[in-house]
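Coordinates in review
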Amino acid sequence: MMAVVHNNNNNNNIDNDNDNNNNNDSKDPNHTPHWELQLKGAGSTPFSRRGDGRAVLRSSIREFLASEAMHFLRVPTTRALSLVVSGEGVARDMFYNGNVREEVGAIVCRVGASLMRFGSYQLPFSRNNIPLLKEILDYSIAHDFPEIRPRSA
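Moving on, we come to the overall build of the chain. The helix and strand inventory of the chain stands at 3 helices and 5 strands. For the chain, the succession of helices and strands along the chain, N to C, is β-β-β-α-β-β-α-α. Every one of the 153 residues in the chain was classed for burial, and the buried ones make up 32%. By element, 56% of the accessible surface of the chain is carried by carbon and sulfur atoms, the whole surface being about 10,500 Å².

What follows is the structure in C-alpha cells.
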C-alpha cells in the first residue's frame, strides 16, 4: 500500500536539517517535491512474495530503529514515520526450526522521496510484462527524475 504526499513549500527535507537525504532536488521548475508513504505489514499485495503481507512487532521495531540509526549516520534511506501494533496475531517460525508461534502483529509506515526499488522493475521484467515495465519506468522518470524527461517538440 503506497501513497504520495506532495510538499508545496521549498523545503524538501522531512526533518529540516539539510541532510540531502532525498532525490527531490530537481532543477525542473514544474517538478513538485513529494514524499511517498508505504505501509509494511498491512496485508498482502501483488509484491508480497507469496507471504501473508503481515509483519511482527520484533522485526518492525528493528526496522524502525535501523532506519533512524542510518538517518543519523547520514546514510540516505527511507525512514520509519510510525510503528503501530496491528491488533492481529501473526504466525511466524522465529528460528526456522518448525516451531511456529503466534506473535504480535505490527505495521510500519515508511516515508521517502521515492520508494522505488530494484525489484519494482525486476518483477514485470521477469514476467515479460513490457507494458507494465514501461509504465513503471515512465512513472519513475516523471516523479523521481523529471530532468531526464524527453522534451516535447
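Here we take up the packing of helix α2 (residues 118–126) against helix α3 (residues 130–144). The relative placement of two packed helices comes down to the angle between their axes together with the axis-to-axis distance. The interhelical angle for the contact between α2 and α3, taken along N-to-C directions, is 160°, at an axis separation of 8 Å. Classified by the interaxial angle, the pair formed by α2 and α3 is roughly antiparallel. Every pair of crossing elements has a handedness; the one defined by α2 and α3 is left-handed. On α3, the residues touching Ser120, Tyr121, Pro124 and Phe125 of α2 are Leu132, Leu133, Ile136, Leu137 and Ser140. Tallied by class, residues from the contact of α2 with α3 come to 7 nonpolar, 2 polar and no charged.

The rules behind the values
- Residues numbered from 1 in each chain as written.
- Predicted model: local features only at pLDDT ≥ 70, side-chain atom pairs only at ≥ 80, totals over all residues.
- Heavy atoms only, no water.
- Helix = DSSP H or I, 4+ residues; strand = E, 2+ residues; numbered from the N terminus.
- Buried < 20%, exposed > 50% of the residue type's maximum accessible area, 1.4 Å probe, protein only.
- Areas by Shrake-Rupley, 256 points an atom, 1.4 Å probe, with all protein chains shown as cover.
- Axes fitted to C-alpha atoms, helices over the stretch in contact; angles between N-to-C directions.
- Parallel < 35°, antiparallel > 145°, perpendicular 65-115°, else oblique.
- Left-handed = near helix turned anticlockwise from the far one by under 90°.
- Contact = heavy atoms within 4.5 Å.
- Nonpolar A, V, L, I, M, F, W, Y, C, P; charged D, E, K, R; others polar.

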